[in-house]
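# Coordinates in review
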Amino acid sequence: MRTFKLATLTAAALSLAVLATAPSMAQTVQPATPASKMAPVAAPKAAAPAATTGAASAKTDLVDINSATPEVLEALPGIGKAYSAAIVKGRPYKGKDELVQKKIVPEKTYDGIKDKVIAKQKS
């Protein structure tokens, strides 16, 4: 009786070990592609410069919605001629979230640009 229990426990432990390693055994490892055979990757585009009065600091490449030109605004993702004209027409903004509050741009478009814009106040 004792050997039967020991054999059953051993068989159960082996079964679990095999099941635990089975998925990893089924996967194949692909060889690394040499860099010389890889497709060239385009360099990332530089962010549109903010149309501010002075030199833009390296830390912030944010577009000021209160002073940017329509061309700079059009460079933002999801902003075309119509939205850029509406942004310019609705100036000044106390905060960048006013673009949605004043229904200048839809919330989905705002979500795409909120990290790229700022609403600076005049001193």
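Rules and cut-offs
- Residues numbered from 1 in each chain as written.
- Predicted model: local features only at pLDDT ≥ 70, side-chain atom pairs only at ≥ 80, totals over all residues.
- Heavy atoms only, no water.
- Helix = DSSP H or I, 4+ residues; strand = E, 2+ residues; numbered from the N terminus.
- Buried < 20%, exposed > 50% of the residue type's maximum accessible area, 1.4 Å probe, protein only.
- Contact = heavy atoms within 4.5 Å.
- Salt bridge = Lys/Arg side-chain N within 4 Å of Asp/Glu carboxyl O.
- pLDDT = per-residue confidence, 0-100.

In the annotation of an unreviewed UniProt entry, the chain is listed under the name Helix-hairpin-helix domain-containing protein and assigned to Tardiphaga alba.

Turning our eyes to something else, we now look at the overall build of the chain. A count of helical and extended segments in the chain gives 5 helices and 2 strands. Each helix and strand of the chain, ordered N terminal to C terminal, gives the series α-β-α-α-α-α-β. Evaluated residue by residue, the chain yields a buried proportion of 20% over its 123 residues. Put simply, of all contacts in the chain between residues at least 6 apart along the chain, 45% involve residues at least 24 apart.

What follows concerns the side chain of S84. Position of S84 among the secondary structure elements: in helix 3 (residues 81-89). Apart from the residues lying within four places of it in its own chain, the contact partners of S84 are P70, L73, E74 and I79.

Take the pattern of salt bridges next. The tally for this structure, following the rule as stated, stands at 2 salt bridges. Of the charged contacts, one joins K102 and E98 as a salt bridge, the two residues approaching to 3.5 Å between their closest N and O atoms. With a relative accessible area of 43%, K102 lands in the partly exposed category. Between K114 and D111 there is a salt bridge, with its nearest N and O atoms 3.9 Å apart.

Below, the discussion takes up the confidence of the model for the chain. Residue-level pLDDT values for the chain average 77, and 57% of them are 70 or greater. A low-confidence stretch, residues 50-59 stays under pLDDT 50, and its non-local contacts, those more than four residues away or across chains, total 7 contacts.

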